[in-house]
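Here is what each chain is made of, one letter per residue.
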Amino acid sequence: MQAFKLTPRRAKLVISVALLSFLVIFAVQKSFDDNNEFWWRFSSPRTGIRQGELIVVRSAEPARPAHKTLKVVHLDLKGAPPKMSYLRQLLPLLSNAGCDAILLEYEDMFPYHGLLANISAKNAYKQHQVIDLLALIHDLGMEVIPLVQTFGHLEFVLKLEEFRHLRELDAFPQEVCPSNQDSLALVYEMVRQVMALHRTSRYIHIGCDEVFHLGACSRCTRRHVDSREIFAEYVTTVAEHIKSTYPGITPLIWDDMMRQWSPQFLTSTRLGSLVEPVVWVYTDDIGKLEPHYVWHWYMKTFKSVWVAGAYKGATLSTSVLPDVPRHYNNQRAWLDFISKTPERISGFVLTGWSRYDHFAILCELLPPSVPSLLLNLLLITSKKPSKTEQMYKLWKSLMRCSPSSEMTIDTLTTDPRSVGTCSFQGADSYILMGNYLSLKATVDKLHETLTEKNGWMTYYNVKHNFTSPWRLVEDFTTLNGITLLKEVQLFKNETSYILSPYFDMHVVNEWVEQRIEPMEMKLLLLQKQMETLINIESWPRRPLN
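Given the structure is predicted, the values throughout are model-derived calculations rather than measurements.

Enquirer: Just give me the short version of the pairing of strand E12 (residues 345-352), but keep the residues and values in it.
Expert: Across the eight residues that make up E12, a large majority, eight, are buried. Sheet analysis places strand E3 (residues 70-76) next to E12, joined by four bridges and oriented parallel. Among the inter-strand pairings, Val 73 is bridged to a residue of E12, identified as Leu 350. With seven bridges joining them, strand E11 (residues 305-312) and E12 adopt parallel strand pairing. Residue Lys 312 lies in a different strand from E12, and its bridge partner there is Gly 352. The β-α-β motif built from E11, the intervening helix H11 (residues 324-338) and the parallel element E12 has right-handed crossover chirality.

Take a look at the structure:
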């Protein structure tokens, strides 16, 4: 056997291999640094421990096509976290319908810790639950875009006494003061904690919508700077911090605060190179809220633009069922609007708000909104509104409807019980909401008839204890007042039973308090007033006042 000789060529090879090995080891070691880019190049889930924290480690991600408009579903978790068991059933359905990414708006449902521990709700997800959720989404071939509010809609933080000093206006805990450096410290830490669990994300949505009291505090007004400049400066600072701290991450922002800007001012900012706007309009008249000249300047200023319609939570702050035709027409209008520049659209987001803001009551819940969500997801996936028959068939197939089902977009609104021919996880909640609306209409009619239409139980009658007992008993009996009260109380129990597989009891009880207890209290008050009035045996002479 010939002895090995270290020739100059072999020596160079040995040195090269040694140097490469050193660089690999160095890169792996650096990957444990919170802010190192190495972490953001992984995509296959497994868990690990670093400095006492549970983290997500990923394996190499395959190359993506040059251009693809992501179909994104927005899950608004604030104050109403779906059970993980339900999400494990819902997410595969979304993937099968064409969803590419989930926009996760945690708000107070994220497990913040340390100085931010109190901004999490008491029923927030645990860290291991978030990690399991992210792994599930990844395994289904979808990516996650976390949404962290960094300017407006920070009620869940600013409502607390410990963060009160960061409010733009002390009386309104909506937005942070952009001129207060402590505001940046707050949002940077929020972003840091969220990104620690979202190391594979290519995007982070930083909110910045509906900053209603921009530049209104004394600290801001003393600067003598236009409110647009204050907004642009603050968002630029946050975006630059994210891009430098988390290499490869692109910040997204809602666009509404920029719509009134002049083209000259928009192009004078550095936002065009830092963020990508998500243009949201929830009606079928896109051009009315997003004029073509604004769209034109967005196209010239930003490398990519995203659009957003809605599948729920954009009709009334008290709605319980989505207006499916309205949302469907919203997406059709968007498809037509963007048809001329499809290559510039990075993502189409279907938003689904749970509340209009942190203080509002719950609007449409997620489970009964699945028909609207799937229909709109199929629509933006096919991009062919004309082929409705084929889309209907696939829609019903995903919802496991019987072959004889005659459910349509219109019957979903006019006859919620038509969903009874389908067996998707959430069908029972849709029927429940339909029954609620029917029961509420009956209760409201009873109350209106007794207290406004008929003349024996009005405010005046009750105030003066002056009425005809016979008339009152006849009206109450004819309108089934006693029976209706029992029906509402039974419905209260049924609601808890049906909603409990989807939400924890805090959410279930909140919905019952907001929707059913007011009906129950209304009927109990009527019953109490009637009992008082019919037990009176003699009445005074007029005038009563």
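Enquirer: Describe the environment of Pro 92, listing the residues and the values that go with them.
Expert: If you trace the backbone, Pro 92 turns up in helix H2 (residues 84-96). Judged by its relative accessible area of 25%, Pro 92 is partly exposed. Those residues within four positions of Pro 92 in sequence are excluded, and the remaining contacts are Leu 87 and Leu 140.

Enquirer: If you had to explain the packing of helix H15 (residues 427-453) against helix H19 (residues 505-534) to someone new, which residues and values would you point to?
Expert: Relative to each other, H15 and H19 sit at 30°, their axes nearing to 11 Å. Between H15 and H19, the crossing angle belongs to the class labelled roughly parallel. Considering only the axes of H15 and H19, their crossing is left-handed. For the pair formed by H15 and H19, the contact residues are Met 433, Tyr 436, Leu 439, Lys 440, Val 443, Asp 444, Leu 446, His 447, Leu 450 and Thr 451 on the first element and Trp 511, Arg 515, Met 519, Lys 522, Leu 523 and Leu 526 on the second. Here the contact of H15 with H19 is built from residues that sort into 10 nonpolar, two polar and four charged.

Enquirer: Got a sec to walk through unusual backbone geometry? Specific residues and values, please.
Expert: Along the chain, Arg 542 connects to Pro 543 via a cis peptide bond; the corresponding omega equals -5°. In this fold, Pro 543 is placed in the segment after H19. Non-glycine residue Cys 208 carries a positive phi angle of around 75°. Within the fold, Cys 208 resides in the loop between strand E8 (203-205) and helix H6 (218-221). According to the relative accessible area criterion, Cys 208 is buried, its value standing at 1%.

Here is what the cut-offs are and how they apply
- Starting from 1, residues in each chain are numbered consecutively following that chain's sequence as written.
- Reporting of local features is limited, given that this is a predicted model, to residues whose pLDDT is at least 70; pairs of side-chain atoms are given and counted only at 80 or more, and all residues count toward the totals for whole chains, interfaces and linings.
- Values shown for side chains rest on all heavy atoms present in the structure; no hydrogens or waters enter the calculation.
- Think of it in three bands: with a 1.4 Å probe and only protein chains considered, a residue is buried below 20% of the maximum accessible area for its type, exposed above 50%, and partly exposed in between.
- Only DSSP runs of H or I reaching four residues or more are called helices, and only runs of E reaching two or more are called strands; each is numbered from the N terminus.
- When DSSP finds at least two bridges between two strands, those strands are taken to pair.
- Consider the strands pointing away from the viewer: the crossover is right-handed when the path from the first strand over the helix to the second runs clockwise.
- In what follows, residue pairs with any heavy atoms lying within 4.5 Å of each other are defined as contacts.
- Interaxial angles span 0 to 180 degrees and are taken between N-to-C directions of axes, which are lines fitted to C-alpha atoms, for helices over the stretch in contact.
- For this classification, under 35 degrees means roughly parallel, over 145 means roughly antiparallel, 65 to 115 means roughly perpendicular, and everything else is oblique.
- When the near helix sits turned anticlockwise from the far one by under a right angle, the crossing is termed left-handed; a clockwise turn instead gives a right-handed crossing.
- Residue type decides the class: Asp, Glu, Lys and Arg count as charged, Ala, Val, Leu, Ile, Met, Phe, Trp, Tyr, Cys and Pro as nonpolar, and the leftover types, Gly among them, as polar.

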